[in-house]
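Structural description and commentary
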Amino acid sequence: MNFTNGINNINDDELFLVSLNRRIPLQHLNLMFLLDSKLDELISLKYDDISNMVQLTYGVKYDGSMVESILNLLKSDNISSHLFSSHNVDKIISNYSRDHHFLTKASLHTIKPFTPSCLHCHLPLKLQFKEKINVFLMDHVDDGVIFAARCCHIEYHTNSYIKNSKRYVLRESLYNQKYIHFGGKCVLHIDVLLRYVSDLINMYAGFENFCGAYNDTITSVSMQHNWNNALEIEDIPLLERRLFENIWLIYSTPLLKFFLSTDTEIEIPFHISNREERNHFFASHLPQLERDFVLYWSNHMVKFSCGSQCCKAIVIDGFQKPDRYICNFMQELIHSEELGK
(Lines give C-alpha, C1' and ligand atoms only; values in the text may rest on other atoms or scores of the structure.)
Protein backbone atom coordinates (compact mmCIF):
# COMPACT_ATOMS: atom_id res chain seq x y z
CA MET A 1 0.00 0.00 0.00
CA ASN A 2 1.33 3.44 -0.99
CA PHE A 3 0.79 5.66 2.07
CA THR A 4 2.39 8.68 0.36
CA ASN A 5 -0.31 8.86 -2.29
CA GLY A 6 -2.96 8.56 0.42
CA ILE A 7 -1.52 11.53 2.29
CA ASN A 8 -1.21 13.63 -0.86
CA ASN A 9 -4.86 12.99 -1.79
CA ILE A 10 -6.26 14.04 1.58
CA ASN A 11 -9.19 16.47 1.34
CA ASP A 12 -10.08 19.40 3.58
CA ASP A 13 -12.56 17.46 5.73
CA GLU A 14 -10.04 14.71 6.36
CA LEU A 15 -7.34 17.26 7.16
CA PHE A 16 -9.71 18.93 9.60
CA LEU A 17 -10.39 15.61 11.34
CA VAL A 18 -6.67 14.83 11.62
CA SER A 19 -5.95 18.19 13.20
CA LEU A 20 -8.99 17.85 15.47
CA ASN A 21 -7.96 14.37 16.55
CA ARG A 22 -4.59 15.75 17.68
CA ARG A 23 -6.46 18.03 20.07
CA ILE A 24 -9.33 15.74 21.04
CA PRO A 25 -9.20 11.96 20.47
CA LEU A 26 -12.02 10.77 18.23
CA GLN A 27 -13.40 8.44 20.90
CA HIS A 28 -13.84 11.45 23.21
CA LEU A 29 -15.38 13.41 20.35
CA ASN A 30 -17.73 10.57 19.52
CA LEU A 31 -18.97 10.46 23.13
CA MET A 32 -19.52 14.24 23.06
CA PHE A 33 -21.56 13.89 19.88
CA LEU A 34 -23.69 11.05 21.30
CA LEU A 35 -24.34 12.94 24.54
CA ASP A 36 -25.20 16.08 22.57
CA SER A 37 -27.78 14.14 20.54
CA LYS A 38 -29.39 12.72 23.70
CA LEU A 39 -29.52 15.89 25.83
CA ASP A 40 -32.09 18.56 25.04
CA GLU A 41 -31.06 22.12 24.25
CA LEU A 42 -33.25 23.36 27.12
CA ILE A 43 -30.69 22.06 29.62
CA SER A 44 -29.02 25.26 30.80
CA LEU A 45 -25.54 23.82 31.46
CA LYS A 46 -25.70 21.15 28.78
CA TYR A 47 -22.10 21.48 27.52
CA ASP A 48 -20.66 21.67 31.02
CA ASP A 49 -22.60 18.49 31.76
CA ILE A 50 -21.14 16.85 28.64
CA SER A 51 -17.66 17.94 29.72
CA ASN A 52 -18.19 16.42 33.16
CA MET A 53 -19.46 13.10 31.73
CA VAL A 54 -16.48 12.86 29.38
CA GLN A 55 -14.19 13.48 32.35
CA LEU A 56 -15.92 10.75 34.37
CA THR A 57 -15.56 8.33 31.43
CA TYR A 58 -12.05 9.09 30.17
CA GLY A 59 -10.46 11.09 33.00
CA VAL A 60 -9.85 14.13 30.74
CA LYS A 61 -11.36 17.53 31.45
CA TYR A 62 -12.47 19.78 28.55
CA ASP A 63 -13.79 23.30 28.88
CA GLY A 64 -17.57 23.43 28.36
CA SER A 65 -17.42 26.38 25.97
CA MET A 66 -14.82 24.57 23.88
CA VAL A 67 -17.05 21.49 23.72
CA GLU A 68 -19.93 23.67 22.53
CA SER A 69 -17.80 25.38 19.88
CA ILE A 70 -16.45 22.13 18.47
CA LEU A 71 -19.87 20.46 18.34
CA ASN A 72 -21.40 23.50 16.65
CA LEU A 73 -18.55 23.54 14.15
CA LEU A 74 -19.05 19.86 13.35
CA LYS A 75 -22.77 20.37 12.84
CA SER A 76 -22.39 23.54 10.79
CA ASP A 77 -19.87 21.93 8.43
CA ASN A 78 -22.02 18.79 8.27
CA ILE A 79 -18.97 16.70 9.07
CA SER A 80 -20.76 14.89 11.88
CA SER A 81 -23.31 13.41 9.46
CA HIS A 82 -20.72 11.05 7.94
CA LEU A 83 -18.31 10.86 10.88
CA PHE A 84 -20.73 9.83 13.63
CA SER A 85 -23.63 7.45 13.15
CA SER A 86 -26.99 8.22 14.70
CA HIS A 87 -28.40 4.81 13.79
CA ASN A 88 -29.95 2.59 16.46
CA VAL A 89 -27.42 -0.24 16.36
CA ASP A 90 -29.56 -2.52 18.55
CA LYS A 91 -32.46 -2.10 16.14
CA ILE A 92 -30.24 -2.79 13.12
CA ILE A 93 -28.89 -6.02 14.63
CA SER A 94 -32.34 -7.12 15.78
CA ASN A 95 -33.94 -6.53 12.37
CA TYR A 96 -31.05 -8.23 10.60
CA SER A 97 -31.27 -11.32 12.81
CA ARG A 98 -34.98 -11.66 11.91
CA ASP A 99 -34.45 -11.20 8.18
CA HIS A 100 -35.12 -14.55 6.48
CA HIS A 101 -32.93 -13.56 3.53
CA PHE A 102 -29.79 -14.11 5.62
CA LEU A 103 -28.50 -17.26 7.28
CA THR A 104 -26.92 -15.63 10.31
CA LYS A 105 -26.18 -16.24 13.98
CA ALA A 106 -25.77 -12.52 14.64
CA SER A 107 -27.76 -11.51 17.72
CA LEU A 108 -27.84 -9.05 20.59
CA HIS A 109 -28.22 -12.07 22.87
CA THR A 110 -25.48 -14.67 22.43
CA ILE A 111 -26.13 -17.00 25.36
CA LYS A 112 -23.30 -19.27 26.51
CA PRO A 113 -22.90 -21.98 29.17
CA PHE A 114 -22.49 -20.74 32.73
CA THR A 115 -18.85 -21.86 32.87
CA PRO A 116 -16.05 -21.25 30.33
CA SER A 117 -14.17 -24.40 31.33
CA CYS A 118 -14.98 -28.05 32.02
CA LEU A 119 -15.79 -28.81 35.67
CA HIS A 120 -13.93 -32.12 35.42
CA CYS A 121 -10.74 -31.51 33.40
CA HIS A 122 -10.77 -27.68 33.68
CA LEU A 123 -9.91 -27.24 30.00
CA PRO A 124 -11.64 -24.44 28.03
CA LEU A 125 -14.97 -25.53 26.56
CA LYS A 126 -15.41 -25.63 22.79
CA LEU A 127 -18.76 -23.96 22.24
CA GLN A 128 -21.12 -25.07 19.49
CA PHE A 129 -24.23 -23.37 18.16
CA LYS A 130 -27.37 -25.08 19.48
CA GLU A 131 -30.45 -23.16 18.33
CA LYS A 132 -32.21 -19.84 17.94
CA ILE A 133 -34.53 -18.87 20.77
CA ASN A 134 -36.88 -16.14 22.00
CA VAL A 135 -35.49 -13.89 24.73
CA PHE A 136 -38.18 -12.35 26.93
CA LEU A 137 -37.06 -8.92 28.14
CA MET A 138 -38.88 -6.38 30.31
CA ASP A 139 -40.71 -4.59 27.50
CA HIS A 140 -40.16 -6.64 24.34
CA VAL A 141 -39.09 -10.02 22.96
CA ASP A 142 -35.85 -10.39 21.02
CA ASP A 143 -34.30 -13.16 18.97
CA GLY A 144 -31.28 -14.83 20.52
CA VAL A 145 -28.88 -17.71 19.95
CA ILE A 146 -27.79 -20.38 22.39
CA PHE A 147 -24.44 -22.12 22.48
CA ALA A 148 -23.70 -25.34 24.36
CA ALA A 149 -20.63 -27.51 24.96
CA ARG A 150 -19.66 -31.10 25.69
CA CYS A 151 -16.57 -32.30 27.52
CA CYS A 152 -15.71 -35.36 29.62
CA HIS A 153 -19.17 -36.84 28.88
CA ILE A 154 -20.83 -33.75 30.40
CA GLU A 155 -23.15 -31.40 28.50
CA TYR A 156 -22.93 -27.75 29.51
CA HIS A 157 -25.90 -25.40 29.11
CA THR A 158 -26.90 -21.88 30.12
CA ASN A 159 -27.76 -22.60 33.77
CA SER A 160 -27.25 -26.32 34.14
CA TYR A 161 -25.22 -29.32 33.08
CA ILE A 162 -26.24 -32.86 32.14
CA LYS A 163 -24.35 -35.95 33.31
CA ASN A 164 -25.54 -39.56 33.10
CA SER A 165 -28.92 -38.41 31.75
CA LYS A 166 -29.53 -36.21 34.79
CA ARG A 167 -29.65 -32.42 34.93
CA TYR A 168 -27.89 -30.49 37.71
CA VAL A 169 -27.54 -26.86 38.80
CA LEU A 170 -24.77 -25.27 40.85
CA ARG A 171 -24.64 -22.08 42.86
CA GLU A 172 -22.53 -20.42 40.18
CA SER A 173 -24.89 -21.57 37.42
CA LEU A 174 -27.76 -19.58 38.96
CA TYR A 175 -26.10 -16.71 40.84
CA ASN A 176 -25.52 -13.44 38.97
CA GLN A 177 -26.73 -14.83 35.64
CA LYS A 178 -28.22 -12.54 32.99
CA TYR A 179 -30.39 -15.22 31.35
CA ILE A 180 -32.35 -18.19 32.74
CA HIS A 181 -32.92 -21.20 30.49
CA PHE A 182 -33.64 -24.86 31.23
CA GLY A 183 -34.38 -26.04 27.69
CA GLY A 184 -36.78 -25.18 24.90
CA LYS A 185 -37.22 -21.97 22.91
CA CYS A 186 -37.96 -19.66 25.85
CA VAL A 187 -35.18 -17.73 27.59
CA LEU A 188 -36.06 -15.31 30.39
CA HIS A 189 -33.97 -12.28 31.17
CA ILE A 190 -33.32 -12.20 34.92
CA ASP A 191 -35.10 -8.82 35.14
CA VAL A 192 -38.40 -10.51 34.21
CA LEU A 193 -38.06 -13.05 37.03
CA LEU A 194 -37.13 -10.34 39.52
CA ARG A 195 -40.12 -8.30 38.39
CA TYR A 196 -42.41 -11.24 39.06
CA VAL A 197 -41.01 -11.63 42.59
CA SER A 198 -41.77 -7.97 43.24
CA ASP A 199 -45.28 -8.26 41.80
CA LEU A 200 -45.92 -11.44 43.80
CA ILE A 201 -44.91 -9.82 47.09
CA ASN A 202 -46.45 -6.39 46.60
CA MET A 203 -49.46 -7.09 44.37
CA TYR A 204 -50.09 -10.80 45.05
CA ALA A 205 -49.84 -11.46 41.31
CA GLY A 206 -50.33 -15.05 40.22
CA PHE A 207 -48.59 -16.59 37.22
CA GLU A 208 -51.60 -16.18 34.94
CA ASN A 209 -52.12 -12.53 35.89
CA PHE A 210 -48.44 -11.70 35.50
CA CYS A 211 -48.11 -13.36 32.09
CA GLY A 212 -51.32 -11.68 30.89
CA ALA A 213 -50.04 -8.27 32.00
CA TYR A 214 -46.61 -8.94 30.47
CA ASN A 215 -48.07 -9.95 27.10
CA ASP A 216 -50.36 -6.90 27.05
CA THR A 217 -47.37 -4.66 27.86
CA ILE A 218 -45.09 -5.92 25.09
CA THR A 219 -47.97 -5.84 22.60
CA SER A 220 -48.82 -2.24 23.52
CA VAL A 221 -45.16 -1.16 23.38
CA SER A 222 -44.71 -2.86 20.02
CA MET A 223 -47.84 -1.17 18.64
CA GLN A 224 -46.49 2.18 19.82
CA HIS A 225 -43.15 1.65 18.07
CA ASN A 226 -44.38 -0.26 15.01
CA TRP A 227 -47.87 1.12 14.44
CA ASN A 228 -47.41 0.89 10.65
CA ASN A 229 -46.14 -2.70 10.68
CA ALA A 230 -49.04 -4.98 11.58
CA LEU A 231 -47.11 -8.12 10.58
CA GLU A 232 -44.36 -7.52 13.14
CA ILE A 233 -46.95 -7.04 15.88
CA GLU A 234 -48.77 -10.27 14.96
CA ASP A 235 -45.50 -12.26 15.08
CA ILE A 236 -44.64 -11.33 18.69
CA PRO A 237 -44.07 -14.50 20.78
CA LEU A 238 -46.16 -14.51 23.95
CA LEU A 239 -45.09 -15.62 27.42
CA GLU A 240 -46.96 -18.86 28.11
CA ARG A 241 -48.20 -19.13 31.69
CA ARG A 242 -47.41 -22.81 32.35
CA LEU A 243 -43.91 -22.52 30.93
CA PHE A 244 -43.16 -19.36 32.94
CA GLU A 245 -44.50 -21.03 36.09
CA ASN A 246 -42.28 -24.08 35.57
CA ILE A 247 -39.16 -21.98 34.94
CA TRP A 248 -39.77 -19.75 37.96
CA LEU A 249 -40.46 -22.64 40.34
CA ILE A 250 -37.48 -24.69 39.15
CA TYR A 251 -35.25 -21.62 39.37
CA SER A 252 -36.49 -20.52 42.81
CA THR A 253 -36.39 -23.91 44.55
CA PRO A 254 -32.61 -24.47 44.19
CA LEU A 255 -32.03 -20.83 45.22
CA LEU A 256 -33.96 -21.50 48.45
CA LYS A 257 -32.05 -24.77 48.95
CA PHE A 258 -28.69 -23.03 48.45
CA PHE A 259 -29.73 -20.28 50.87
CA LEU A 260 -30.80 -22.63 53.65
CA SER A 261 -28.07 -25.26 53.32
CA THR A 262 -24.45 -25.82 52.38
CA ASP A 263 -25.36 -27.85 49.29
CA THR A 264 -23.45 -26.85 46.16
CA GLU A 265 -25.20 -29.09 43.61
CA ILE A 266 -28.88 -29.96 43.13
CA GLU A 267 -30.52 -32.28 40.62
CA ILE A 268 -33.50 -30.72 38.83
CA PRO A 269 -36.02 -32.26 36.39
CA PHE A 270 -34.45 -33.19 33.07
CA HIS A 271 -37.57 -31.87 31.31
CA ILE A 272 -39.15 -29.11 33.38
CA SER A 273 -42.49 -29.43 31.53
CA ASN A 274 -42.84 -33.11 32.44
CA ARG A 275 -45.48 -33.16 35.19
CA GLU A 276 -44.31 -36.41 36.82
CA GLU A 277 -40.67 -35.29 36.95
CA ARG A 278 -41.65 -31.87 38.26
CA ASN A 279 -44.02 -33.17 40.96
CA HIS A 280 -41.46 -35.73 42.11
CA PHE A 281 -38.85 -32.98 42.35
CA PHE A 282 -40.99 -30.80 44.62
CA ALA A 283 -42.34 -33.68 46.71
CA SER A 284 -38.86 -35.09 47.34
CA HIS A 285 -37.38 -31.73 48.34
CA LEU A 286 -40.20 -30.39 50.52
CA PRO A 287 -39.48 -32.43 53.71
CA GLN A 288 -35.78 -31.54 53.62
CA LEU A 289 -36.53 -27.88 52.87
CA GLU A 290 -38.74 -27.77 55.97
CA ARG A 291 -35.94 -29.24 58.10
CA ASP A 292 -33.38 -26.88 56.52
CA PHE A 293 -35.66 -23.90 57.24
CA VAL A 294 -36.00 -24.74 60.95
CA LEU A 295 -32.31 -25.59 61.31
CA TYR A 296 -31.18 -22.40 59.55
CA TRP A 297 -33.28 -20.01 61.62
CA SER A 298 -32.94 -21.82 64.95
CA ASN A 299 -29.14 -21.67 64.58
CA HIS A 300 -29.03 -18.21 63.06
CA MET A 301 -27.18 -16.70 66.03
CA VAL A 302 -24.30 -19.16 65.54
CA LYS A 303 -23.37 -17.63 62.16
CA PHE A 304 -24.74 -14.09 62.42
CA SER A 305 -24.59 -11.36 65.06
CA CYS A 306 -28.19 -10.19 65.33
CA GLY A 307 -28.25 -9.42 69.06
CA SER A 308 -29.36 -11.21 72.20
CA GLN A 309 -32.92 -11.83 70.96
CA CYS A 310 -31.86 -13.86 67.91
CA CYS A 311 -33.35 -17.39 67.76
CA LYS A 312 -35.60 -16.80 70.80
CA ALA A 313 -38.67 -17.59 68.70
CA ILE A 314 -39.69 -18.67 65.21
CA VAL A 315 -43.03 -17.31 64.00
CA ILE A 316 -44.61 -19.53 61.33
CA ASP A 317 -47.65 -18.18 59.47
CA GLY A 318 -50.64 -20.52 59.56
CA PHE A 319 -52.29 -18.99 56.50
CA GLN A 320 -53.35 -22.05 54.49
CA LYS A 321 -56.44 -20.79 52.63
CA PRO A 322 -54.95 -21.03 49.10
CA ASP A 323 -54.59 -24.78 49.69
CA ARG A 324 -58.18 -25.36 50.83
CA TYR A 325 -61.25 -25.27 48.61
CA ILE A 326 -64.20 -23.99 50.67
CA CYS A 327 -67.65 -23.15 49.26
CA ASN A 328 -68.71 -19.58 49.96
CA PHE A 329 -72.27 -20.67 50.75
CA MET A 330 -71.43 -23.61 53.04
CA GLN A 331 -72.61 -23.03 56.63
CA GLU A 332 -71.01 -25.85 58.61
CA LEU A 333 -67.56 -25.42 60.19
CA ILE A 334 -64.42 -26.89 58.66
CA HIS A 335 -62.12 -28.73 61.06
CA SER A 336 -58.37 -28.38 60.64
CA GLU A 337 -55.81 -30.32 62.65
CA GLU A 338 -53.50 -27.29 62.55
CA LEU A 339 -55.95 -24.44 63.10
CA GLY A 340 -58.92 -26.08 64.80
CA LYS A 341 -62.49 -25.18 63.75
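Parameters and conventions
Residues numbered from 1 in each chain as written. Predicted model: local features only at pLDDT ≥ 70, side-chain atom pairs only at ≥ 80, totals over all residues. Heavy atoms only, no water. Helix = DSSP H or I, 4+ residues; strand = E, 2+ residues; numbered from the N terminus. Buried < 20%, exposed > 50% of the residue type's maximum accessible area, 1.4 Å probe, protein only. Contact = heavy atoms within 4.5 Å. Areas by Shrake-Rupley, 256 points an atom, 1.4 Å probe, with all protein chains shown as cover. Salt bridge = Lys/Arg side-chain N within 4 Å of Asp/Glu carboxyl O. Phe/Tyr/Trp six-rings, centres within 6.5 Å; stacked < 30°, edge-to-face > 60°. Lys NZ or Arg CZ within 6 Å of the ring centre and 35° of its normal. pLDDT = per-residue confidence, 0-100. Pairing = 2+ DSSP bridges.

What follows covers the overall build of the protein chain. Within the protein chain one finds 14 helices and nine strands. For the protein chain, the proportion of its 341 residues judged to be buried stands at 34%. A separation threshold of at least 6 residues defines the contact pool for the protein chain, and within that pool the share at least 24 residues apart is 55%. Carbon and sulfur atoms form 55% of the exposed surface of the protein chain, whose accessible area is close to 22800 Å².

Attention now moves to the pattern of salt bridges. The full count for this structure, using the stated rule, is ten salt bridges. Between E131 and K130 there is a salt bridge; the shortest N-O distance is 3.3 Å. Take K130: its relative accessible area is 39%, and that puts it in the partly exposed class. Put simply, E131 and K185 hold a salt bridge, and the shortest N to O gap is 3.5 Å. Here E131 is found in strand 2 (residues 128–136), whereas its partner K185 is found in the loop between strand 7 (179–180) and strand 8 (186–189), with 54 residues between them in sequence. In this structure E131 comes out as buried when scored by relative accessible area, which is 17%. The partly exposed category is assigned to K185, whose relative accessible area is 48%.

Right, let's get into the packing of aromatic side chains. Taken as a whole and assessed by the stated rule, the structure comprises 16 aromatic pairs. Ring centres of Y196 and F207 lie 5.0 Å apart, and the angle between their planes is 20°; this geometry places the pair in the stacked category. Pair noted here: Y196 is in helix 9 (residues 190–203) and F207 is in helix 10 (residues 207–225), with a separation of eleven residues, a long-range link. Members of the aromatic cluster, each reached through a chain of ring pairs, are Y196, F207, F210, F244 and W248. Above the face of the F270 ring, R167 is positioned so that its terminal group lies 5.4 Å from the ring centre.

This part is about the environment of E265. Looking at the element boundaries, E265 is found in strand 9 (residues 265–268). As a C-alpha pair, E265 and R171 span 94 residues in sequence and 7.1 Å in three-dimensional space.

What follows is about the confidence of the model for the protein chain. Looking at the protein chain, pLDDT values average 85 and 85% of them are 70 or higher. Element-level mean pLDDT values for the protein chain span from 50 in helix 1 (residues 3–8) up to 98 in strand 7.

Glancing now at the pairing of strand 2. As judged from the eight bridges shared by strand 2 and strand 3 (residues 141–151), these two strands associate in the antiparallel manner. Bridged to V135 within strand 3 is D142. From the end of strand 2 to the start of strand 3, which pair antiparallel, there are four residues. Sheet analysis places strand 2 next to strand 8, joined by three bridges and oriented parallel. Within the sheet, the bridge partner assigned to V135 lies in strand 8 and is V187.

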